[in-house]
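Okay, here's what each chain looks like letter by letter:
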Amino acid sequence: MKLNILIGGKAGQGINKISEIVSEVLISYGYFTFNYRDYPSLIRGGHNFNILCFSDKRIGSIESKLDFIIAMDENTVNEHKKNLKKDGIIIDYKKFESLGRNLNIALSGALMKVLGFEEDVLLKIIQKEFNNEESILAAKKGYDSQERKFNLVKLKNQVKILSGSQAVSMGAINSKMDLFIAYPMTPATGLLHELASKQVESGHMVFQSENEVGAINQALGASFTGAKTMVGTSGGGYDLMTEGLSFQGMSEIPLVLYLCSRPGPGTGLPTYTMQNDLDIALRGGHGEAPRIVIAPGDPIECIEKTNEAFCLSEEFNCLSIILSDKHLAESEFSSDRKPNKILSVKVKRAVPGKGVVKATSYEHDKFGNTTEDAEIARVSADNRIAKYKKMKDYCKKFEMIKIFGNKNSKNLIIGWGSTKTVILDAIEGENFKFLQVIYMKPLSNEIKKEMLKAKNVILVEQNVTGQLGRLIREKTGLKIDKRILKYDGRPFTQDELKKELLKNIK
Amino acid sequence: MKKENLNTNYGITWCPGCPNYLILESVKQALSNFKHEELCMVTDIGCHGKTFDYLNISGIYGLHGRALPTALGVTLGNPNLNVLAFMGDGALYSEGIGHFIHAGRFNPNLTLIVHDNQSFSLTTGQATPTSQTGFKTKANYPELGEFNNPFNPIRIALASNVSFIARCNARDIKHTAEIIEKAINHRGFSYVEIIQDCIIFNPEMNNKDKMMYKVEDNSDKKIAEKLADEWDYNSKAGKIPLGVLYQEKKSILTDKWPQLSKLENKGVGWVKR
Ligand SMILES: Cc1ncc(C[n+]2csc(CCOP(=O)(O)OP(=O)(O)O)c2C)c(N)n1
Ligand code: SF4
């Protein structure tokens, strides 16, 4: 069973609360949920909606056709009626207009009744969340307004909800990160807020810098002293940081960077999603220096890969970039998989406080003294490249790619990052093998082998030019002709992607 | 700790006669009063930045215009280090001016030393925000020189609530050393503006010693504003007051953060938390 529920209203009306309440009950019954958040860049008014999809099986995407529309205003009905399935249901605000700001609670109650939950399940959660008479009355009023249509039985699955931002924060805290430094920029801000709220319990520090140029230089200064340090930003802020990334390459001060993409160029579509920053993650910054770029595909991978990023940075005194996007950062995923064992991150380098330790943005000799000597310059450059070879070997102990679907299929899909879960949903029951690229730099040698085994290779990315495709071509010499690219800021839906994929193997 | 221990055997490449030698000497005199292993410098890019290779203490040779945020980062990483940032007038007042204003706001415990030679010297003498109008450089309209008026950095520091503001003459080694020592001992963001001649690129503004006079340590903001206005950086008219132009006790960045206060009390950085 699978249902696809749109919840819409004006910014500030509290649609997220409906998703939250209903999701919490659903996962407590062992169902898998996925909640997509669609909102323009404004604070009050406008039109925001969530699509909450749930199923008795694992799920990580939405469908384009709706089973329910939960409307907090008329605009929601008008905008989305065209996508309602034939037997779809609209539950709107009209009966509850007198409830004011408790409208969202009433609509939660109404939806819970239609799904077939008992009233006490609803009241328990409302009590826990709000604990006031008005809210309980609103929930009851909503509940009583509907008839039961479904009867959801309890399942045995142990499911947890996590967003990508929450998961990266967990990965950082698991790594015993000391400092997080950032300047606000959607959709990277989620991590800033998440880590800021966790300062008391975990003891790390979150510093809001004057700007991204300040942030990156502060981070390098702090990391020099031995603090495990991370910065977070989106494309525009990353651009401002790139001189600092280049400085990192020369000074070899360890650093972890979280790059959370949104559609560009320019200010672009600030609150929407796109995988258009792989190129700059791989190469942003002048000069040639090694780095790591990892793109987790779901929150559990965010926890694991952020931990790996910290390990790699300390092991090799290098820059590790965690590449995410709005869709992964802000959607609420559910999972029954436990993350891998936490790797301990050790600071082994010399830090100031005892002897003389020097780090520099100039070319330098082994004591950190500035030099313009031709021989030292050549040897240092060779050393930086030799280090990258070691990094590449070391990464082999981590999962750099994953293979899903029919392992014997000749139809090979290649994708990365936030498209992982929608690809998994789209190939369910079909004859596809899916290769998820997780390490973008270094790139796994397995990719070429898999491509050579396949008959049809299909690239799936959320950008205009197929940035992963280009990277693969550069590293393997193999060009991928079949490409499914989406670049309107909205994520793929499972049914549309499935249709596109099937077209490519006809 | 002995002053000689601060020396390196790196060959100095400043022009013969450059007052940077004198500033380096003042810095060494001042630093000899502190524990060398607790010192950490961050230098910027420019002639002044070469100090990095000439001082035998830990540190970072950072990016142009960014020594200040890098130094602030060092205090975030270990509030027990004694942090110094060295910047030029081009680096701080042009490329990095935003960081200066915010350092006033954050009030980190560090000392900023500015080598103000009223010129971008390492890039062969263009006008900086403290260069005089009419300064003829290779980057200006031929013969007309620099069009803009300089700004007054002391005024900016006052407006940014910088908690320690001092000005020195590079040629007065003893006085400069004393002021740097006071700046390091000040708990908070200490800003030391050192008037320095560049004997190669802006000789017109050299030799201002006659305009300079020393003032008593001051902690009155009104008086500080008057002192700031005595010289506009634009000419060799007026008087140039030297000394601690303004000093104020207030809570520093470390005091506000429970995490950093804890590190400070334990005498460690994050690495040993
Ligand atoms: C981002 C960046 N822009 C420009 C430069 C080139 N640059 C190097 S030194 C310098 C000027 C230094 O002037 P100042 O800070 O006044 O120091 P001085 O050489 O006068 O001591 C500039 C612009 C650079 N290194 N980095
Ligand atoms: S160019 Fe000017 S500032 Fe630079 S070393 Fe020579 S005299 Fe000194």
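The residue numbering used here restarts from 1 in each chain and proceeds along that chain's sequence as written. For naming, the first written chain is A and the first written ligand is 1, with later ones following in the order written. At least 70 in pLDDT is required for a residue's local features to be given in this predicted model, at least 80 for side-chain atom pairs to be given and counted, and no such filter applies to totals for whole chains, interfaces and linings, which use all residues. Side-chain metrics in this entry use all non-hydrogen atoms of the structure; hydrogen atoms and water are not considered.

1. A word on the pattern of salt bridges
Turning to step 1, where the next piece is worked out: The working definition used for a salt bridge is a side-chain nitrogen of Lys or Arg within 4 Å of a carboxyl oxygen of Asp or Glu. By the definition in use, this model includes 47 salt bridges over all chains.
Turning to step 2, where the next piece is worked out: Residue Asp38(A) pairs with Arg490(A) through a salt bridge whose shortest N-O separation is 4.0 Å. Here Asp38(A) is found in strand β2 (residues 32-38), whereas its partner Arg490(A) is found in the loop between β20 (482-485) and α18 (494-503), with 452 residues between them in sequence.
Turning to step 3, where the next piece is worked out: Only protein chains enter the calculation, and the probe is 1.4 Å; a residue is then buried if its accessible area is under 20% of its type maximum, exposed if over 50%, and partly exposed in between. Taking relative accessible area as the criterion, Asp38(A) reaches 5% and is therefore assigned buried.
Turning to step 4, where the next piece is worked out: Here Asp217(B) ties to Lys182(B) by a salt bridge, and the two come within 2.9 Å at their closest N and O atoms. In this pair, Asp217(B) sits in the loop between β7 (212-214) and α8 (221-228) while Lys182(B) sits in helix α7 (residues 173-185), placing the two residues 35 residues apart along the sequence.
Turning to step 5, where the next piece is worked out: The exposure class of Asp217(B) is partly exposed, given its relative accessible area of 44%.
Turning to step 6, where the next piece is worked out: What you see here is one network of salt bridges that share partners, running through Lys2(A), Glu63(A), Asp67(A) and Lys85(A). Strands here are runs of E lasting at least two residues and helices are runs of H or I lasting at least four, both read from the DSSP assignment and numbered beginning at the N terminus.

2. Focus on the site of ligand 2
Turning to step 1, where the next piece is worked out: Close to ligand 2 lie Trp14(B), Cys15(B), Cys18(B), Asn20(B), Cys47(B), Asn117(B), Ser121(B), Gln196(B), Cys198(B), Ile199(B), Ile200(B) and Phe201(B), which account for all nearby residues.
Turning to step 2, where the next piece is worked out: Split into classes, the residues belonging to the shell around ligand 2 amount to 8 nonpolar, 4 polar and no charged. Residue proximity to a molecule or strand is established when one non-hydrogen atom of the residue lies within 4 Å of it. Residue polarity follows a fixed list, in which Ala, Val, Leu, Ile, Met, Phe, Trp, Tyr, Cys and Pro are nonpolar, Asp, Glu, Lys and Arg are charged, and the others, Gly among them, are polar.

3. Re the packing of helix α12 (residues 299-316) of chain A against helix α14 (residues 374-395) of chain A
Residues and elements named next belong to chain A.
Turning to step 1, where the next piece is worked out: Every angle, taken between N-to-C directions, lies between 0 and 180 degrees, and every axis is a line fitted to C-alpha atoms, over only the stretch in contact when it is a helix. At a minimum axis distance of 11 Å, the contact between α12 and α14 shows a crossing angle of 145°. Note on packing geometry: the crossing formed by α12 with α14 is right-handed. Touching Leu312, Glu315 and Phe316 of α12 are Lys387, Lys390, Met391, Tyr394 and Cys395, all from α14.
Turning to step 2, where the next piece is worked out: Its residues assigned to classes, the contact of α12 with α14 shows 5 nonpolar, no polar and 3 charged. Crossing handedness is read from the near helix: turned anticlockwise from the far helix by less than a right angle, it gives a left-handed crossing, and turned clockwise, a right-handed one. What makes two residues a contact is simply this: any of their non-hydrogen atoms within 4.5 Å.

4. Structural notes on the side chain of Asn35(A)
Residues and elements named next belong to chain A.
Turning to step 1, where the next piece is worked out: Looking at the secondary structure, you find Asn35 in strand β2.
Turning to step 2, where the next piece is worked out: A distance of 3.1 Å separates polar atoms of two side chains, one belonging to Asn35 and the other to Ser19.
Turning to step 3, where the next piece is worked out: Side-chain polar atoms of Asn35 contact the side chain of Glu332, separated by 2.7 Å.
Turning to step 4, where the next piece is worked out: Residues within four places of Asn35 in sequence aside, it is in contact with Ser19, Asn50, Ile51, Leu52, Ser331 and Glu332. By the criterion applied in these results, polar contacts are pairs of N or O atoms within 3.5 Å in which, for protein atoms, one can donate a hydrogen and the other can accept it, and in which residues neighboring in sequence qualify only through two side-chain atoms.

5. Considerations on the packing of helix α1 (residues 15-28) of chain A against helix α3 (residues 103-115) of chain A
Pairs of packed helices are described in terms of their axes, by the angle between the two and the distance that separates them.
Residue and element names in this part refer to chain A.
Turning to step 1, where the next piece is worked out: Interaxial distance between α1 and α3 falls to 9 Å at its minimum, and their mutual angle equals 35°. Crossing of α1 against α3: the hand is right-handed. Along its contact with α1, which presents Lys17, Ile18, Ile21, Val22 and Val25, the element α3 presents Asn104, Leu107, Ser108, Leu111, Met112 and Leu115.
Turning to step 2, where the next piece is worked out: When the residues that make up the contact of α1 with α3 are grouped by side-chain class, the tally is 8 nonpolar, 2 polar and 1 charged.

6. Re the environment of Asp488(A)
Residues and elements named next belong to chain A.
Turning to step 1, where the next piece is worked out: Relative to the helices and strands, Asp488 resides in the loop between β20 and α18.
Turning to step 2, where the next piece is worked out: Along the sequence, Asp488 and Met274 sit 214 residues apart, while their C-alpha atoms lie 8.0 Å from each other.
Turning to step 3, where the next piece is worked out: A polar contact is formed between the side chain of Asp488 and the side chain of Lys486, at a distance of 3.0 Å.
Turning to step 4, where the next piece is worked out: A polar contact of 3.0 Å, which involves the side chain of Asp488, links it to the backbone nitrogen of Arg490.

7. A closer look at the interface of chain B and chain A
Turning to step 1, where the next piece is worked out: On the side of chain A, 47 residues touch chain B, which itself brings 37 residues to the contact.
Turning to step 2, where the next piece is worked out: Carbon and sulfur atoms supply 62% of the area buried between chain B and chain A, which totals about 3300 Å² over both sides.
Turning to step 3, where the next piece is worked out: Taken together, chain B and chain A are joined by 1 salt bridge.
Turning to step 4, where the next piece is worked out: Residues Arg273(B) and Asp178(A) are paired through a salt bridge, measuring 3.0 Å at the closest nitrogen-oxygen approach.
Turning to step 5, where the next piece is worked out: Linking chain B with chain A are 19 residue pairs in polar contact (both at pLDDT 80 or more).
Turning to step 6, where the next piece is worked out: Where the side of chain B that touches chain A is concerned, the elements lending two or more residues are β1 (39-43), α2 (51-54), β2 (58-61), α3 (67-77), α5 (97-106) and α10 (258-266) of chain B.
Turning to step 7, where the next piece is worked out: Top element by residues in the side of chain B that touches chain A is α3(B). It accounts for 7 residues. Buried area: the sum, over both parts, of the accessible surface (1.4 Å probe) that disappears when the two are put together.

8. Structural notes on the domain arrangement of chain A
Residues and elements named next belong to chain A.
Turning to step 1, where the next piece is worked out: For the domain bounds, the source is a domain assignment made automatically or taken from a database. On domain assignment, one finds that chain A holds domain 1 (2-144), domain 2 (162-395) and domain 3 (402-503).
Turning to step 2, where the next piece is worked out: At the interface, 33 residues of domain 2 touch 30 residues of domain 3.
Turning to step 3, where the next piece is worked out: Buried area between domain 2 and domain 3, both sides added, is near 2700 Å², and the carbon and sulfur share of it is 55%.
Turning to step 4, where the next piece is worked out: Of all residues in domain 2, the largest losses of buried area upon contact with domain 3 belong to Met274, Gln275 and Leu278, amounting jointly to 24% of the total for that side.
Turning to step 5, where the next piece is worked out: When the shortest N-O distance is used, the salt bridge between Asp298 and Lys420 registers 2.9 Å.
Turning to step 6, where the next piece is worked out: At the junction of domain 2 and domain 3, the tally comes to 19 residue pairs in polar contact (both at pLDDT 80 or more).

9. Things to note about the sheet that holds strand β6 (residues 189-195) of chain B
Turning to step 1, where the next piece is worked out: On the basis of which strands lie adjacent, the open sheet formed by 9 strands has the order β14(A)-β2(B)-β1(B)-β3(B)-β4(B)-β6(B)-β5(B)-β8(B)-β7(B) and mixed pairing. Two strands in the sheet have a free side with no partner beyond their single neighbour: β14 (358-360) of chain A together with β7 of chain B. Ignoring which end each strand starts from, the neighbouring axes of this sheet average 20° apart.
Turning to step 2, where the next piece is worked out: The strands touched by α7(B) are β3 (82-88), β4 (110-116), β5 (164-169), β6, β7 and β8 (240-247) of chain B; relative to β5(B), the strand with the most contacts, the crossing angle is about 165°. At least two bridges found by DSSP between two strands are what make those strands a pair.

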